[in-house]
4 protein chains.
Amino acid sequence: MENSLGKLFTITSFGESHGRCVGTIIDGCPAGLAITEEDIQKEVDKRKPGVSMAATKRAEEDKVEILAGIFNGRTTGAPIGLVIWNRDIDSSEYEKTRFLLRPGHADYTAFMKYGGFNDFRGGGRFSGRITASFVMAGAIAKKLLNLIGIEVLAHTIEIGGVKAEPRGFDQIRENIDKNPVKCADLKAAEAMAKAIETVKEEGDSIGGIIEGIALNVPVGLGEPVFDTLDGDLTKALFAIPAVKGVEFGSGFSAASKRGSENNDLFTIRNGKIVTVTNNAGGILGGISNGMPIVVRVAIKPTSSIAKSQPTVNIKDMKNASLTVEGRHDVCIVPRAVPVVESMIAVTLGDLAMRAGLIPRVIK
Amino acid sequence: MENSLGKLFTITSFGESHGRCVGTIIDGCPAGLAITEEDIQKEVDKRKPGVSMAATKRAEEDKVEILAGIFNGRTTGAPIGLVIWNRDIDSSEYEKTRFLLRPGHADYTAFMKYGGFNDFRGGGRFSGRITASFVMAGAIAKKLLNLIGIEVLAHTIEIGGVKAEPRGFDQIRENIDKNPVKCADLKAAEAMAKAIETVKEEGDSIGGIIEGIALNVPVGLGEPVFDTLDGDLTKALFAIPAVKGVEFGSGFSAASKRGSENNDLFTIRNGKIVTVTNNAGGILGGISNGMPIVVRVAIKPTSSIAKSQPTVNIKDMKNASLTVEGRHDVCIVPRAVPVVESMIAVTLGDLAMRAGLIPRVIK
Amino acid sequence: MENSLGKLFTITSFGESHGRCVGTIIDGCPAGLAITEEDIQKEVDKRKPGVSMAATKRAEEDKVEILAGIFNGRTTGAPIGLVIWNRDIDSSEYEKTRFLLRPGHADYTAFMKYGGFNDFRGGGRFSGRITASFVMAGAIAKKLLNLIGIEVLAHTIEIGGVKAEPRGFDQIRENIDKNPVKCADLKAAEAMAKAIETVKEEGDSIGGIIEGIALNVPVGLGEPVFDTLDGDLTKALFAIPAVKGVEFGSGFSAASKRGSENNDLFTIRNGKIVTVTNNAGGILGGISNGMPIVVRVAIKPTSSIAKSQPTVNIKDMKNASLTVEGRHDVCIVPRAVPVVESMIAVTLGDLAMRAGLIPRVIK
Amino acid sequence: MENSLGKLFTITSFGESHGRCVGTIIDGCPAGLAITEEDIQKEVDKRKPGVSMAATKRAEEDKVEILAGIFNGRTTGAPIGLVIWNRDIDSSEYEKTRFLLRPGHADYTAFMKYGGFNDFRGGGRFSGRITASFVMAGAIAKKLLNLIGIEVLAHTIEIGGVKAEPRGFDQIRENIDKNPVKCADLKAAEAMAKAIETVKEEGDSIGGIIEGIALNVPVGLGEPVFDTLDGDLTKALFAIPAVKGVEFGSGFSAASKRGSENNDLFTIRNGKIVTVTNNAGGILGGISNGMPIVVRVAIKPTSSIAKSQPTVNIKDMKNASLTVEGRHDVCIVPRAVPVVESMIAVTLGDLAMRAGLIPRVIK
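Undergrad: An account of the relation of the copies chain C and chain D is needed here, citing residue identities and associated values.
TA: Expressed as a screw operation, the relation of chain C to chain D combines 0.0 Å of axial shift with a rotation of 180°, fitting to an RMSD of 0.0 Å. Such values leave the two copies arranged in the relation of a two-fold axis. The overlap is high: 100% of the interface residues of chain C also sit at the interface in chain D, so the same surface is used on both sides.

So this is what it looks like as structure tokens:
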């Protein structure tokens, strides 16, 4: 079940970068949810390489197809099958460098774990392309969350050392699609784009930080002690290649704060209990507390770089050197933004169902 | 199954802070593993309040009892039942302040999720005391990992803003039990102890950062795309109360690095493939790469502080103020160190079994 | 997780026949459910050896203790821990015959699977005594099912070839506790008791058939295609030692019927859709159809018999002979009746939660 | 996860009878296993309507396509995706009778459970066609089991009251493909074929009994107390539509036997421990004992019959009558034979992996 996630709303990912397709099976989705291919396509399109120089040159149009579980525009209660066929595939480059371990990639670990039988072309199961299967699932999860008013957002807050100024939720919602790096601070966005341009010229790559937000999450999502909201979110986020750290609310900065400073005080506002600050990032004891969920995700610089790197040829066990040709993004942060959104959505969808907040049939 | 973790080596936690006991069931442990109550006691004792002023005054001796699954000193293949009876329980303070939501704690979320039926005494299931059940499981997992040579360590690297200088594995192993804050840099340890002293006098609290390390982990632990080594470790670590962030290797700092800088280059050393650096923290594509696993965990300052804090009385829905009396640690970081070790151990134990590296019967 | 059953209402069994205890952890039970030790004790007492000559002479009083998860008489949403301490233990007989494989028992398979490390005393985990852990879980499940009006019953319909005449639900409910064999046909009950007496004198044993019934089950329990109501019930029932077959409704007799005869015709009664007959045993397509669930369970004759039997000594791999001394029931059917009830109850409890029919908090 | 089965070797079924396809995802299959589309096609072809008059007239050729997880003829360790496209679809009949509940079918329970959103065409997820997804999984499982010498067989032993004489394993293996009803007793096979012919003329249907056998199963498959070999097999078998009972070894007949008669005595043969008889059907204490696994499965008569039957129109809640037109088998027993084989194979595959008998990489 290593390719399945979630206990009631379960997604199963399959497919490879250079195989026939990338797909998702969603099991446990309530019957009666209105879903069209367009709903899913819209989310998948957010993963598209932008106008930006940041993105891979892979040209194919990722067209979503519904294989099962949706009938007359609504979910049936049966497993939903979704697929994107791979079209624009050139694997020749990968054949040539098959045994040269690309630094930062899973080539070595996959080779060892699967005895060399893994589909190495384009990274196979370890390609960023697999996240298209996550985004398809996220599209369904978002529709489900809409039913109870939950909104999921993500935006870039740092690229290559350029940090965005904090922005309100309205501005985030409004600005992220106005610029290729999906940053709500439009000025920082320009600097980020410039940083990407520079690094591209140098044949190098950069990373960044994405912030995910969930609004209107009711109190009660999360099933401690192990299936905590933070724990489940984090596990889902680490399925995204290149993620190296996750923090909630004040996160790592909490380590150097005083309790009196970090504690979010409770108060009553409009007859409801809220906290004055949100250092908890919306989670107390592994359970949502009604405040916005705020999670930050560190994305490492793209492992594929145009520079030559020393490495090892695993076939003859000799040192070698490698220049990664192929297609790759100089900075995957912008394209990872919708993937972060999706992993948050599928996790919240599962936990909302487990909390009994979503009926088994949507009328 | 929200209180169970792991797919082949599964731990189930039960019990409450002020109930009859804290316990663990371990299912799927191979038969024939030599285990004594002393093995487990030794690990549980590491959670004891130290000589330090940092620790709670709760006096009870946490004595481990084996209830099931171990016969003639060896595991039988049946589920292992372990329990620590609660002895020194004074719940009167909690009765008095039952409806006053302690800032930073799970009082509010637990009340809402469980309709007020949760055992609120001492935080119930949300108490740090529950981590004793994790440590019992960790003790068994460590014995299992020993069979294949894996060693798990954790140490304090930051408390209240005081940062430790990096130390080698040998020094970490040697120094952590020499000081009450479990820091390998003995000079920083003193400063940390002083910081705790100061904050205690001020009626406040502080947090810190713990680094977990696993040595001699073979290549191949982790089951992508969802049950990744990093994802599973993180989920397990977020079960520890007060954790607000987790990062691997270069972690959040990777966000501002270049690919050429962050990539760990492969080379051959003693006939084996290794990486020259370890920015990956021992994990590539969600799978261990044979280098040390390095994970850092941000611990927020203890939520219980001696200062008066504004809050809400959830019974009458009025603003109120609260001074947390009871027993609590000013800084839980040192006591969380063995818990971090334990969660790493149970995760690696499960993934080692899933990777087929541990036989079903230990001869 | 091999000792856990159920996906939302999950029971975990632990303990051994001659170890310290037999116990159960129940995870996922809604908060607020009123439970007392007496509620559970009452169900466990049904497993007691009756007045009947059928039962083991093991004298101990099985006293239920709540370890966790119940506070002020109600479930808290935390895992429920239940235990029965073993008291009357004489393992000497088992030590003597340790390597003599008892025909019909799990001695051989357990020895091989667990490398001889299994607790062999009294059959260890394979003892009928383990079913006490099922019955404790069943007691909680029954309380849960009561909330939505579901009633679970079981009764003996055959022992040693003596078959009971069919009886209505009222008579079954009324008569099963009036006779030591738990048969609703009181005349057949006498003949069954006599059959047990006879076989006991001969140093032999007999089996029988138990029928389980669930009334007022709403339409919709069961999660096809794999977690069907019949599949999940059957898997749960096969956890009871000595079960060799399970059938629903017309069961094996359906194999020789015509479709026109076996199909249950739909009609409207009191404004509700019902079936005229119940050959389906209340299940269509793996989902409850609102009719009574009817399942029959074949119980083999007790494997322990007073007669000498040829067997093998697994230590020296030589043929040997064995007379099982120890304590054992000549016919376990009557004592298995409450166990069948319990396994039906835990399965329905889980599926009722999965169908969204039981709230997460009971007010 | 209701459409997933197995813990290490997991199959997920998707698709509908009259939707775009029927498919399977297999997760956890070891890398390096040689698999071709032909291997899978061969098994799927066994489900084909035979020469026999027993079978549906649905003409489509079920052509297996591999979508993922197999590369250069070997499994890669990634999830395997398999699909059969639906071609010959005429749903008009089903549209007309949409609200008329077919007796014996899941129309009523599915309508109620999924709020009428279920894909009703041809029974949707409840169609026998879904078993094609089981057979694809079974084909992979059989390849896996071959590695450790396990052979799985199934054959018809009763149809419409006609019982086959017992036959040896060699004769079963040899004869089942020699006759359209897959019966090893060729004389009985003729009578069965005749019985089908008769009942077809009468516009009625009949059921039967299938016996499944697994040979060369090593001691140790099965994970008690809940994931027993018999329990897991049974749960898998109840996923097959029309199954109403399952028994192992002496099964229901054990209920009227003496212990001295039903116990299988141990003895040593060729230096190995075996039992003299096999009333246990190869399973003791939920674990395989090295003897042949023998399981019998009761199949009810096909619910779709050509005769007019009284029923209910669920839209207007009025009594109505229905003659099932469409395509259907008069007796599905022969076509269920490979499905029984497949469910046995996937269960044994999962339990063999869980017992540690199959490596993670096949060299």
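Undergrad: Talk me through the packing of helix 4 (residues 131–146) of chain D against helix 9 (residues 333–354) of chain D; I want residue IDs and the actual numbers.
TA: Two measures define how a pair of helices packs: the angle their axes make with one another and the distance between the axes. All names here are of chain D. Look at helix 4 against helix 9: their axes get within 7 Å of each other, and the N-to-C directions meet at 50°. Taken together, helix 4 and helix 9 sit at an angle that is classed as oblique. Relative to helix 9, helix 4 is oriented so that their crossing is left-handed. Contact residues: Thr131, Phe134, Val135, Ala137, Gly138, Ala141, Lys142, Leu144 and Leu145 in helix 4; Pro338, Val339, Glu341, Ser342, Met343, Ala345, Val346, Leu348, Gly349 and Met353 in helix 9.

Undergrad: Would you mind going over the interface of chain C and chain D in detail, with residue names and values included?
TA: Counting residues at the interface gives 104 residues for chain C and 104 residues for chain D. On inspection of chain C and its partner chain D, the count reaches ten salt bridges. For Lys113(D), the salt bridge goes to Glu223(C), with nearest N and O atoms at 2.9 Å. At the surface where chain C touches chain D, the tally comes to 41 residue pairs in polar contact (both at pLDDT 80 or more). No other element matches strand 11 (residues 243–248) of chain C, which puts six residues into the side of chain C that touches chain D. Tallied by class, the residues present in the side of chain C that touches chain D amount to 47 nonpolar, 34 polar and 23 charged. In this sheet, strand 11 (residues 243–248) of chain D lies alongside strand 11 of chain C in antiparallel orientation, the contact comprising three bridges. Along strand 11 of chain D, the bridge assignment pairs Val246(C) with Val246(D).

Undergrad: Let's hear about the packing of aromatic side chains: which residues, and what values?
TA: All names here are of chain C. By the definition in use, this model includes 24 aromatic pairs over all chains. Each ring, one from Phe99 and one from Phe111, has its centre 6.5 Å from the other, and the planes form 75°; the classification is edge-to-face. Here Phe99 is found in the loop between helix 2 (92–96) and helix 3 (107–113), whereas its partner Phe111 is found in helix 3, with twelve residues between them in sequence.

Undergrad: Quick one: what's the story with the pattern of salt bridges, residue by residue and with numbers?
TA: The full count for this structure, using the stated rule, is 111 salt bridges over all chains. In this structure, the salt-bridge partner of Glu43(C) is Lys46(C), at a minimum N-O distance of 3.3 Å. In this structure Glu43(C) comes out as buried when scored by relative accessible area, which is 6%. Judged by relative accessible area, Lys46(C) falls into the partly exposed class, the value being 25%. Put simply, Lys7(D) and Asp227(D) hold a salt bridge, and the shortest N to O gap is 2.9 Å. Pair noted here: Lys7(D) is in the loop between strand 1 (4–5) and strand 2 (10–15) and Asp227(D) is in the loop between strand 10 (208–215) and helix 7 (229–237), with a separation of 220 residues, a long-range link.

Undergrad: Break down the pairing of strand 3 (residues 21–27) of chain B for me, citing the residues and quoting the values.
TA: Residue and element names in this part refer to chain B. Counting buried residues along strand 3, seven of its seven residues qualify, which places the element largely inside the surrounding structure. Alternating residues of strand 3 divide into Cys21, Gly23, Ile25 and Asp27 and Val22, Thr24 and Ile26, and every residue in both groups is buried. Pairing between strand 2 (residues 10–15) and strand 3: six bridges, direction antiparallel. Counterpart to Thr12 in the pairing with strand 3 is Ile25. As consecutive antiparallel partners, strand 2 and strand 3 are separated by five residues.

Undergrad: Tell me about the relation of the copies chain B and chain A, residues and numbers included.
TA: The two chain copies are related to each other by a rotation about an axis together with a translation along it. You can overlay chain B on chain A at an RMSD of 0.0 Å; the transform is a turn of 180° with a shift of 0.0 Å along its axis. Comparing interface residues between copies, 100% of those in chain B also lie at the interface in chain A; the contact surface is shared.

Undergrad: I'd like to hear about the interface of chain B and chain A, residue by residue, with values.
TA: Each side of the interface is counted separately: chain B has 104 residues, and chain A has 104 residues. Summing both sides of the interface, chain B and chain A together bury roughly 7,800 Å²; the carbon and sulfur share of this comes to 63%. Per-residue buried area on chain B facing chain A is highest for Phe226(B), Lys244(B) and Phe266(B); these three make up 11% of the total on that side. At the boundary of chain B and chain A, one finds ten salt bridges. There are 41 residue pairs in polar contact (both at pLDDT 80 or more) connecting chain B and chain A.

About the thresholds
- Residues numbered from 1 in each chain as written.
- Chains lettered and ligands numbered in written order.
- Predicted model: local features only at pLDDT ≥ 70, side-chain atom pairs only at ≥ 80, totals over all residues.
- Heavy atoms only, no water.
- Least-squares fit on C-alpha atoms with pLDDT ≥ 70 in both.
- Contact = heavy atoms within 4.5 Å.
- Axes fitted to C-alpha atoms, helices over the stretch in contact; angles between N-to-C directions.
- Helix = DSSP H or I, 4+ residues; strand = E, 2+ residues; numbered from the N terminus.
- Parallel < 35°, antiparallel > 145°, perpendicular 65-115°, else oblique.
- Left-handed = near helix turned anticlockwise from the far one by under 90°.
- Salt bridge = Lys/Arg side-chain N within 4 Å of Asp/Glu carboxyl O.
- Polar contact = N/O pair within 3.5 Å; in protein donor to acceptor, adjacent residues only side chain to side chain.
- Nonpolar A, V, L, I, M, F, W, Y, C, P; charged D, E, K, R; others polar.
- Pairing = 2+ DSSP bridges.
- Phe/Tyr/Trp six-rings, centres within 6.5 Å; stacked < 30°, edge-to-face > 60°.
- Buried < 20%, exposed > 50% of the residue type's maximum accessible area, 1.4 Å probe, protein only.
- Buried area = accessible area lost by both parts, 1.4 Å probe.

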